[in-house]
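# Coordinates in review
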Amino acid sequence: IPPIYIAKRDTFIINVPFGYVNPVWEIIMKIFGERILQLRKERKLGQEEVAKAVNISYHSYRRYENNEREPQASVIRDLADFFDVSTDYLLGKAD
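Residues numbered from 1 in each chain as written. Predicted model: local features only at pLDDT ≥ 70, side-chain atom pairs only at ≥ 80, totals over all residues. Heavy atoms only, no water.

## Focus: the pattern of salt bridges
With the rule as written, the count across this model stands at six salt bridges. For the salt bridge of Arg43 with Glu42, the shortest nitrogen-to-oxygen distance reads 3.8 Å. Among the residues examined, Arg43 registers a relative accessible area of 36% and is labelled partly exposed. Classification of Glu42 by relative accessible area gives partly exposed; the value is 48%. (Salt bridge = Lys/Arg side-chain N within 4 Å of Asp/Glu carboxyl O. Buried < 20%, exposed > 50% of the residue type's maximum accessible area, 1.4 Å probe, protein only.)

## Notes on the packing of helix 1 (residues 23-42) against helix 4 (residues 73-83)
How two helices pack is summed up by the angle between their axes together with the distance between the axes. Following both chains from N to C, one finds helix 1 and helix 4 inclined at 30°, their axes separated by 11 Å at the closest point. The angle between the axes of helix 1 and helix 4 places the two elements in the roughly parallel class. Our pair here, helix 1 against helix 4, has a crossing hand that is left-handed. Each of Phe32, Ile36, Leu39 and Arg40 in helix 1 lies in contact with helix 4, whose residues at this interface are Ile76, Leu79 and Phe83. Along the lines of polarity and charge, the residues of the contact of helix 1 with helix 4 split into six nonpolar, no polar and one charged. (Axes fitted to C-alpha atoms, helices over the stretch in contact; angles between N-to-C directions. Helix = DSSP H or I, 4+ residues; strand = E, 2+ residues; numbered from the N terminus. Parallel < 35°, antiparallel > 145°, perpendicular 65-115°, else oblique. Left-handed = near helix turned anticlockwise from the far one by under 90°. Contact = heavy atoms within 4.5 Å. Nonpolar A, V, L, I, M, F, W, Y, C, P; charged D, E, K, R; others polar.)

## Section: the nonpolar core
Residues Phe32, Ile36, Ile56, Tyr61, Leu79, Phe83 and Leu90 are the most contacted members of the largest nonpolar core, which totals 18 residues. Among the secondary structure elements, those contributing two or more residues to this core are helix 1, helix 2 (47-53), helix 3 (58-65), helix 4 and helix 5 (87-90). With five residues, the top contributor of residues to this core is helix 4. Ignoring sequence-local partners within four residues, the contact set of Ile56 consists of Ala51, Tyr61, Tyr64 and Val75. (Core = buried A, V, L, I, M, F, W, Y, C linked by side-chain atoms within 4.5 Å.)

As structure tokens, this is what we get:
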């Protein structure tokens, strides 16, 4: 598989094979989905209620919980604020 170039913020460029998925990032996103699911259930809320509170679609929120979509930083921040936890907690960097 030939490598491709992926541009990142601040023009940092890395060379990775096409289709490469960072396994560490996959673990972080799995933790994120598990944590927002746990927090929602602890508060006895529906997915639609949380999605509406943070101004995202129900389908996007459902995909975050199911580890099918990667959230933007602003969504992570909004969910952390809504659940009154840190973004580090949501991303598995703090307990």
